[in-house]
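# A structural walkthrough
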Amino acid sequence: MHPERESPSPHSLDLIISGKIYVEGSLIDAAVGIEDEKIAWIGKLSRAPFAERVIQASEKTLVLPGMVDMHVHMRDLNESDKEDWYTGTLSALAGGVTFVADMPNNQPPARNLEILKAKEEVASKRALVDYGFYAGVPFQSRELERMAAFGLVGLKIYPEDQLREELVDVLREAKRLGLLAVAHAEDPLLLNLAGRLESNSFESHSLRRPAEGEALAIRRLALLSSRIGFRLHLTHLSSAAALRAALKAKLKVGASIDTAIHYLLLDSSTVEKFKGIAKVNPPLRKERDVRLMQRALKSGVLDAIVTDHAPHKLEEKIAENYDRVPAGFPGLELCLPLLMTLVARCEVPLSVLELYSSSPAKLLGVPKGRIKVGSDADLVLMDLGERWRVRGGDMKSKAKYTPFEGFEVVGKVRKVFVRGVQALEDEDVLVNEGYGRRYWSRSENSFFGP
Ligand code: NCD
Ligand code: ZN
Ligand code: ZN
């Protein structure tokens, strides 16, 4: 590290972690100093101020920023049998994720301030990592203002919301509040028709929800964004057709885009093998789509990678009747090791981790995902010396299954720090339930919470 990059020394620090530190896509031999929940100093260990605790990471260990997942479903409320804020955030910790942005499709859905407060009531008592909430499209645009005043990281648009009368008003309000509008882009009309057209089998899932439906919805949302001016984010793109439309939306309205880790690694052959376990919306696509998604990743056009951690009960997922099986599966524990495995195989550069840390943090307007003075001291020590095989049954999520079953991955999360406090040591949780804290978007042009 160059001395000029070294920050001025505070008198003393709570904690220093030294080793191979990930800073903006590369590794440097340095030490990170933590004081009062924040990263307070970065420099050479030999020049470090006094610290109460010093951790020297081993040769094979990387010191990474806490990962940021901008698309998860923590369930709870009336679906705590699928996942709750404790098991969901434990799963996050095990995956080196220190901030999760939670979707509003709860039971009941978070489309008003009362439900949002009910979510906070539960999360504030049980979360182990930090978090933020999206609002569902409310029935009146005024409600979005009330929710934003409480604190949000964005608005979430589902396919069926595209048919609602209130949508335009709500999007105008999102623009006024500076809220990110995150869209699940599939066309509801085409979904309805294709659902009638195609047989109801697991193997037909991708025909019943065709890639063209993604492209259609993306074009419609981009048009709305060009007219209204809200910040559009297109989440979990799954197909070549979606990517093509999304790249145009990027150019036209500055939309940001993400894909989920499964669309980068799994194709429809996984559905043949895992049936309902691999049922997800949008569906897993063809090998060609996966290859294109990987090319998009390498070429730097993606703004984020997400898990779309979507836990359901195992008995629901293994039902034989296609219609009965809910879409989605958990992913929080696997995304970082899966990405690290791609890095270890030299298929992608280490800097792809930006898409699961600083880049989504920036989109959401939270001080996370970067090893930088002033950022939250969220750090992950990941041991690259360990290879392990994915076993759904071993996961911390209540949903103990995964279409990645049997994958061999590189890298084990050993220690996790959230705001300077060690929250995980191997299998042991070191913070109390409710340690996690709620954040909301803060940036020049976005609404400030309380
Ligand atoms: C999600 C869920 O289960 O909440 N399911 C899914 O297949 N992705 C909903 C969603 O993200 O669309
Ligand atoms: Zn979705
Ligand atoms: Zn989702």
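As a reminder, the structure under discussion sits directly above these lines.
My aim in this report is to walk through the structure given alongside it, one point at a time.

Summarising burial for strand 8 (residues 130-136): seven of the seven residues are buried, a large majority. Covered by surrounding structure in strand 8 are Asp130, Gly132, Tyr134 and Gly136 together with Tyr131, Phe133 and Ala135, the residues of both alternating faces. Here strand 7 (residues 97-102) pairs with strand 8 via four bridges, running parallel. Bridged to Asp102 within strand 8 is Phe133. Sheet topology places strand 8 next to strand 9 (residues 154-157); three bridges connect them, and they run parallel. By the bridge assignment, Ala135 is partnered in strand 9 with Leu155. Taking the sense of rotation as the criterion, the β-α-β connection linking strand 8, helix 3 (residues 141-150) and strand 9 turns out right-handed.

With that settled, the discussion passes to the site of ligand 1. Every one of the 13 residues lining ligand 1 counts as a neighbour, but Arg75, Asn105, His184, Asn281 and Asp308 are closest to it. Between ligand 1 and His73 there is a distance of 3.2 Å, counted from an oxygen atom to a side-chain nitrogen or oxygen. Note that an oxygen atom of ligand 1 is positioned 2.8 Å from one of the backbone N or O atoms of Asn281. The cavity that encloses ligand 1 is the largest pocket.

What follows is about the packing of helix 7 (residues 211-228) against helix 8 (residues 240-253). Here helix 7 crosses helix 8 at 10 degrees, and the two axes come no closer than 8 Å. Between helix 7 and helix 8, the crossing angle belongs to the class labelled roughly parallel. Only Ala241, Ala242, Ala245, Ala246, Ala249, Lys252 and Val253 of helix 8 make contact with helix 7, whose side of the interface consists of Ala211, Glu214, Ala215, Ile218, Ala222, Leu223, Ser225 and Ser226. Counted by class, the contact of helix 7 with helix 8 contains 11 nonpolar, two polar and two charged residues.

A few words on the coordination of the zinc ion (ligand 2). Taken together, His184 (ND1) and His236 (NE2) make up the full set of protein donors to the zinc ion (ligand 2), lying 2.1 Å away. Because the angles between the four donor atoms bound to the zinc ion (ligand 2) fall within 54 to 139 degrees, the donor set is best described as irregular. In this structure the zinc ion (ligand 3) is found 3.8 Å away from the zinc ion (ligand 2). Of the two residues, His184 is situated in strand 10 (residues 180-184) and His236 in the loop between strand 11 (231-235) and helix 8; the sequence distance between them amounts to 52 residues. As far as burial versus exposure is concerned, His184 and His236 are alike and both buried.

Here the focus is helix 1 (residues 85-94). An α-helical segment advances 3.6 residues per turn. Residues three or four places apart therefore align on the same side. With eight of 10 residues buried, helix 1 lies mostly within the body of the structure. Taken as a whole, helix 1 has its buried residues at Trp85, Thr87, Gly88, Thr89, Leu90, Ser91, Ala92 and Leu93. Contacts from the buried residues of helix 1 go to strand 7, helix 2 (113-126), strand 8, strand 15 (408-418), strand 16 (421-425) and strand 17 (428-429). Of the residues flanking the start of helix 1, the one acting as N-cap is Asp84, its side-chain oxygen 2.8 Å from the backbone nitrogen of Tyr86. Once helix 1 ends, the next one or two residues include Gly96, with phi positive near 75 degrees.

In this section: the layout of surface pockets. Considering only enclosed or pocket space, the largest pocket measures out at about 630 Å³ in volume. Taken together, 32 residues form the lining of the largest pocket, with Asn105, Tyr158, Glu160, His184 and Asn281 sitting closest to its centre. Here the residues of the lining of the largest pocket sort into 11 nonpolar, 11 polar and 10 charged.

Turning next to the coordination of the zinc ion (ligand 3). Around the zinc ion (ligand 3), the protein supplies His71 (NE2), His73 (NE2) and Asp308 (OD) as donor atoms, at distances of 2.0 to 2.1 Å. Sequence spacing of the donors to the zinc ion (ligand 3): H-x1-H-x234-D.

On to the environment of Lys119, then. Within the secondary structure layout, Lys119 lies in helix 2. Judged by relative accessible area, which is 2%, Lys119 ranks as buried. Sequence-wise, Lys119 and Gly374 are 255 residues apart; in three dimensions their C-alpha atoms are separated by 29 Å. Apart from residues lying up to four places away in sequence, Lys119 is in contact with Leu77, Asp102, Met103, Pro104, Asn106, Ala110 and Phe133.

A few words now on the environment of Ile305. You can see Ile305 is positioned in strand 13 (residues 304-306). Owing to a relative accessible area of 0%, Ile305 belongs among the buried residues under this scheme. Measuring from C-alpha to C-alpha, the distance between Ile305 and Phe417 comes to 21 Å, with 112 residues separating the pair along the chain. Leave out the neighbours within four places in its chain, and Ile305 touches Asp258, Thr259, Ile261, Leu264, Leu297, Cys335, Leu339, Leu355 and Tyr356.

Throughout the structure, instances matching the rule amount to six aromatic pairs. With 5.1 Å between their ring centres and 90 degrees between their planes, Phe404 and Phe407 make a pair best called edge-to-face. Of the residues examined, Phe407 reaches a relative accessible area of 25% and is grouped as partly exposed. One aromatic cluster in this structure is built from Trp85, Tyr131 and Phe133. Between Lys412 and the ring centre of Trp388, over which it is positioned, the NZ or CZ distance is 4.2 Å. Geometry around Phe150 places Arg438 over its ring, the cationic atom sitting 3.9 Å from the centre.

What follows concerns the pattern of salt bridges. In total, this model carries 40 salt bridges according to the counting rule given. Ionic pairing is found between Lys20 and Glu59, a salt bridge with its closest N-O pair at 3.5 Å. Highlighted residues: Lys20 in strand 1 (residues 12-23) and Glu59 in the loop between strand 4 (50-56) and strand 5 (61-65), separated in sequence by 39 residues. Put simply, Asp376 and Lys38 hold a salt bridge, and the shortest N to O gap is 2.7 Å. One end of the pair, Asp376, is in the loop between helix 14 (358-364) and strand 14 (379-389); the other, Lys38, is in strand 3 (residues 38-43), and 338 residues separate them in sequence. Via salt bridges that share partners, Glu37, Lys38, Asp130, Lys368, Asp376, Asp378, Arg419 and Arg437 belong to a single interconnected network.

About the cut-offs
Residues numbered from 1 in each chain as written. Chains lettered and ligands numbered in written order. Predicted model: local features only at pLDDT ≥ 70, side-chain atom pairs only at ≥ 80, totals over all residues. Heavy atoms only, no water. Buried < 20%, exposed > 50% of the residue type's maximum accessible area, 1.4 Å probe, protein only. Helix = DSSP H or I, 4+ residues; strand = E, 2+ residues; numbered from the N terminus. Pairing = 2+ DSSP bridges. Right-handed = clockwise from strand over helix to strand, strands pointing away. Near = heavy atom within 4 Å. Polar contact = N/O pair within 3.5 Å; in protein donor to acceptor, adjacent residues only side chain to side chain. 1 Å grid on protein atoms, 1.4 Å probe; cavity = no way out; pocket = protein on both sides within 12 Å on 5 of 7 lines; lining within 4 Å. Sits in = over half its atoms within 2 Å of the grid points. Axes fitted to C-alpha atoms, helices over the stretch in contact; angles between N-to-C directions. Parallel < 35°, antiparallel > 145°, perpendicular 65-115°, else oblique. Contact = heavy atoms within 4.5 Å. Nonpolar A, V, L, I, M, F, W, Y, C, P; charged D, E, K, R; others polar. Donors = N, O, S within 2.8 Å, 3.2 Å for Na, K, Ca; no water. Tetrahedral: all angles 85-135°; square planar, octahedral: opposite > 155°, others 65-115°. Points joined across faces, edges and corners; volume = space filled by probe spheres on them. Phe/Tyr/Trp six-rings, centres within 6.5 Å; stacked < 30°, edge-to-face > 60°. Lys NZ or Arg CZ within 6 Å of the ring centre and 35° of its normal. Salt bridge = Lys/Arg side-chain N within 4 Å of Asp/Glu carboxyl O.

Everything listed is a geometric property; what it means functionally is a separate question.
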